[in-house]
Number of protein chains: 4
Amino acid sequence: MSDVPLRDRIMAAAVRCAEGRGVRRFSLEDVAVEAGVSRTTIYRQFPGGREQLVQEAATWEVARFWRRLGRAVAAESTLEDRLVTGLMVGADMIARSRIMSTLQDPDIEELAVALRPSEPLVHGVIRDYIRSLLVAEQEAGRVGLGVDVDRASDYVTRMTLSVLSSPAGVDLADEAATRQLVRSQFLGGIVRAEV
Amino acid sequence: MSDVPLRDRIMAAAVRCAEGRGVRRFSLEDVAVEAGVSRTTIYRQFPGGREQLVQEAATWEVARFWRRLGRAVAAESTLEDRLVTGLMVGADMIARSRIMSTLQDPDIEELAVALRPSEPLVHGVIRDYIRSLLVAEQEAGRVGLGVDVDRASDYVTRMTLSVLSSPAGVDLADEAATRQLVRSQFLGGIVRAEV
Amino acid sequence: MSDVPLRDRIMAAAVRCAEGRGVRRFSLEDVAVEAGVSRTTIYRQFPGGREQLVQEAATWEVARFWRRLGRAVAAESTLEDRLVTGLMVGADMIARSRIMSTLQDPDIEELAVALRPSEPLVHGVIRDYIRSLLVAEQEAGRVGLGVDVDRASDYVTRMTLSVLSSPAGVDLADEAATRQLVRSQFLGGIVRAEV
Amino acid sequence: MSDVPLRDRIMAAAVRCAEGRGVRRFSLEDVAVEAGVSRTTIYRQFPGGREQLVQEAATWEVARFWRRLGRAVAAESTLEDRLVTGLMVGADMIARSRIMSTLQDPDIEELAVALRPSEPLVHGVIRDYIRSLLVAEQEAGRVGLGVDVDRASDYVTRMTLSVLSSPAGVDLADEAATRQLVRSQFLGGIVRAEV
DNA sequence: CACTAAACGAGACGGTACGTCCCGTCTTGAA
DNA sequence: TTCAAGACGGGACGTACCGTCTCGTTTAGTG
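All of these numbers come straight from a predicted model, not from anything done at the bench.

Visitor: Honestly, the overall build of chain A in this entry has me stumped. Any pointers?
Guide: Scanning chain A from N- to C-terminus turns up 10 helices and zero strands. Counting helices and strands in the order they occur from the N terminus, chain A gives α-α-α-α-α-α-α-α-α-α. Looking at the 195 residues of chain A, the share that counts as buried comes to 47%. In chain A, once contacts between residues fewer than 6 apart in sequence are set aside, the share between residues at least 24 apart is 68%.

Next up, the structure:
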């Protein structure tokens, strides 16, 4: 409805539809109406049909998620703060997102799975990012001596993604608790205790 | 194909179909033929229709996965061996499973997602199981003094599930490497080094 | 809607639609609604789709036309009366038929053409029928001596069909004129003048 | 493909397409390609769209048919020869024409029907033409005394068109047979026997 | 032993959505 | 200006399933 590229408008509409009716329930007709576009045009933009649309919309949405998380985290300065903020903001975004909440439903959701193949990718990206942060910490002399940065970043990445996907007991809305978790579990053996 | 309960025969057929054509591609007609049953009967057994069938077949298959993993692990005696064996056997089963391999495909698969909601559940079950193992280790005096068993089991669970779902660099077919991983990363600060 | 066979109900609906909107304009959806049937069912009855439906409905309707004409003609006793009645009733039915009137429209109509292939067939049937009448007349001694019955019946058939399809000057609603036409043109050299 | 008027090029292309794929099967895209023209241009030349194009192309082709038949017939001198030649050449042209042959197919063809509305018109034109020939014969003293020229020309026209559209037993490729037919059936009671 | 009731097989139907084709309109850019 | 090129909305087509229903038929279980 403006100068937003047609493709993006359609993907955005698809995401909104998925949030509303659930991924398996919306029809391309719904998306077309939501995007203010004809069904034909969707097939012109995504020749692979529904499948391609869902796939691309999903990765597009995932990218947007991490982009926003990245921006939020960039405002912080220390590694610990970034982890804490990342966990809290991420959990909040997930909670807010209607997709994720509907994803809790026992009914089947393609989106989550369309998002599956991107998991190893995400793992890699996040790990590299965290590694760069760790290196910075190391250069600042705040990392323990015997620490293997590669191994440590992989480890922190796993814990982060795991906690984000299933908090399991930790209340990520509580900053103190989250910070406690990050300190003891995530960075325990890595970062030297602040004096 | 004889005195096996009808329900199970249908679910097994559904799993086979999912392995073959992918979850979104098979029709109830396919399942019916595969199970040597009429389509009507499927609706009689699963009044919720396709959705219920996929859901139940998925969790049924997941349960089978963990059951088999459990049996394999039960043969081992120490915590470390159980973790190593669990990781290796689990990874192997995932690799062998045609569903999982097709799941790598970028195309959409409901099964994986039908399996999603069980994730927190699985987390809980595995954590409790590992916790019981840790308690045993503790009673055997093989756990470090300051270790919080609850926290440690949660931690080991996260690492296990994470590594299973995305190995990311670790070769879980290599026992030495896997054992090394388990020792240093999983049980590093928890179990006292064997003398 | 009753115990009328589904197939016939659909064809009747198709004919009504053709009468209404013109043959090229109606959609299978229209026919489905008109027949009180789902679109799917039409495809189940006519696997050849729209084409087959139009084809069959057309010949079905043509057959109905000639059947009714045959009944009307059967009431008459002499050859001349049958021809006169046939021409008049036929012209009247064509005039009444909304299909035929819309067929006058310069716009394209498939029905008329779907009916085309049946033309030689119709020619044969009508010729045989007229031949049988001629033979009866001959046996009654009312046919001229040198008349070749085969040739004569073919001739009368051509004139009949031609006049029916394009009257061109003759008013087939006027019995006197029609009878005059039949006597002088159709049976002129064939039947012996009544004394 | 050069200075031939755009309109004619398009209609010629339409006729070729109709000959190839059948009338209902070709798309405007096909015609555009065949005519070496953009689809837009077709709409500029035929604002009525596909319908107008088919209509005009059909009558254009029909006119061409009769024009060519007229030229062939003009070479003959007597009425009988013109009729014989007309029947034979006409039948031959119809047989050769790929459109007409495909028209025999049971599948639906708009062209034939687009040509339908012109039937009464054709009847009138042919009749007037034949009437003029008959008048000439009459002036040459070769027509029977009691013959009504109007009625006779109408009659000959009907027989001619009828035989052309459905020969029904007569072999119009055999000159002797055709001539025999024309003499006995068409001109029997009209033209005085040549001495 | 027949009779009935439940479970299954077979198949028709309504309905939803998909992917495709084509039409007719419009805009943009180049000759 | 005229035309080519191409995007778009819209309508219909033919197909694939789903879920529901109604019939036979087989199989047990019971009077």
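Visitor: Please clarify how the protein's contact with DNA strand E should be interpreted in this entry.
Guide: Around DNA strand E sit 28 residues in total, of which Y43 of chain A, T41 of chain B, L6 and T41 of chain C together with Y43 of chain D are the nearest. For DNA strand E, the backbone portion of the atoms within 4 Å of the protein, that is sugar and phosphate, comes to 56%. One of the side-chain N or O atoms of T40 of chain B is found 3.3 Å from a base nitrogen in DNA strand E. Mapped onto the surface near DNA strand E, the elements with two or more residues apiece are α3 (39-45) of chain A, α3 (39-45) of chain B, α3 (39-45) of chain C together with α3 (39-45) and α4 (49-74) of chain D. Here the surface near DNA strand E is composed, by residue class, of eight nonpolar, 12 polar and eight charged.

Visitor: Whenever I open this one, the pattern of salt bridges confuses me. Can you help?
Guide: For side chains bearing opposite charge, pairing can occur when the charged atoms are close. Following the criterion strictly, the structure yields 55 salt bridges over all chains and no others. The salt bridge partner of R7 of chain B is E56 of chain B, with a shortest N-O separation of 2.3 Å. Taken together, the residues span a long stretch of sequence, with R7 of chain B in helix α1 (residues 6-21) and E56 of chain B in helix α4 (residues 49-74) at a distance of 49 residues. Taking the relative accessible area as the measure of exposure, R7 of chain B reaches 27% and is therefore partly exposed. Note that R39 of chain D and E29 of chain D form a salt bridge whose closest N and O atoms lie 3.6 Å from each other. With R39 of chain D in helix α3 and E29 of chain D in helix α2 (residues 28-35), the pair connects residues that are 10 residues apart, well separated along the chain. Its relative accessible area of 41% is what places R39 of chain D among the partly exposed residues. One network of salt bridges, with partners in common, ties together E80, D81, E175, R179 and R183 of chain A.

Visitor: What am I meant to see in the packing of aromatic side chains here?
Guide: Note on aromatic pairs: each is described by the distance of the centres and the angle between the planes. A full pass over the atoms with the stated rule returns six aromatic pairs over all chains. Relative to W66 of chain A, the ring of F65 of chain A lies with its centre 5.1 Å away and its plane at 90°, an arrangement referred to as edge-to-face. When the ring of Y155 of chain C is compared with that of Y155 of chain D, the centres are 5.9 Å apart and the planes differ by 80°; the resulting orientation is edge-to-face. Taken together, the residues span two chains, with Y155 of chain C in helix α9 (residues 149-165) and Y155 of chain D in helix α9 (residues 149-165). Given a relative accessible area of 11%, Y155 of chain C falls into the buried group.

Visitor: Whenever I open this one, the packing of α9 of chain C against α9 of chain D confuses me. Can you help?
Guide: When two helices pack together, their arrangement is given by the angle between the helix axes and the distance between those axes. For the pair α9 of chain C and α9 of chain D, interaxial distance at closest approach is 9 Å and the crossing angle is 95°. Compared by their axis directions, α9 of chain C and α9 of chain D come out roughly perpendicular. Residues Y155, R158, M159, S162 and V163 of chain C of α9 of chain C form the contact with α9 of chain D, whose own contacting residues are Y155, R158, M159, S162 and V163 of chain D. Residue classes in the contact of α9 of chain C with α9 of chain D are distributed as six nonpolar, two polar and two charged.

Visitor: I would appreciate a short explanation of the protein's contact with DNA strand F in the present structure.
Guide: Neighbouring DNA strand F are 28 residues, the closest being L6 and T41 of chain A, Y43 of chain B, Y43 of chain C together with T41 of chain D. Counting only atoms of DNA strand F within 4 Å of the protein, the sugar-phosphate share comes to 58%. Within the contact set of DNA strand F, a phosphate oxygen lies 2.7 Å away from a side-chain nitrogen or oxygen of Y43 of chain B. Within the backbone of L28 of chain C, an N or O atom sits 3.0 Å from a phosphate oxygen of DNA strand F. Of all the secondary-structure elements, those providing two or more residues to the surface near DNA strand F are α3 of chain A, α3 and α4 of chain B, α3 and α4 (49-74) of chain C together with α3 of chain D. Broken down by element, the surface near DNA strand F gets its largest block of residues, five residues, from α3 of chain A. Partitioning the surface near DNA strand F into residue classes produces eight nonpolar, 12 polar and eight charged.

Definitions and limits used
- Residues numbered from 1 in each chain as written.
- Chains lettered and ligands numbered in written order.
- Predicted model: local features only at pLDDT ≥ 70, side-chain atom pairs only at ≥ 80, totals over all residues.
- Heavy atoms only, no water.
- Helix = DSSP H or I, 4+ residues; strand = E, 2+ residues; numbered from the N terminus.
- Buried < 20%, exposed > 50% of the residue type's maximum accessible area, 1.4 Å probe, protein only.
- Contact = heavy atoms within 4.5 Å.
- Near = heavy atom within 4 Å.
- Polar contact = N/O pair within 3.5 Å; in protein donor to acceptor, adjacent residues only side chain to side chain.
- Nonpolar A, V, L, I, M, F, W, Y, C, P; charged D, E, K, R; others polar.
- Salt bridge = Lys/Arg side-chain N within 4 Å of Asp/Glu carboxyl O.
- Phe/Tyr/Trp six-rings, centres within 6.5 Å; stacked < 30°, edge-to-face > 60°.
- Axes fitted to C-alpha atoms, helices over the stretch in contact; angles between N-to-C directions.
- Parallel < 35°, antiparallel > 145°, perpendicular 65-115°, else oblique.

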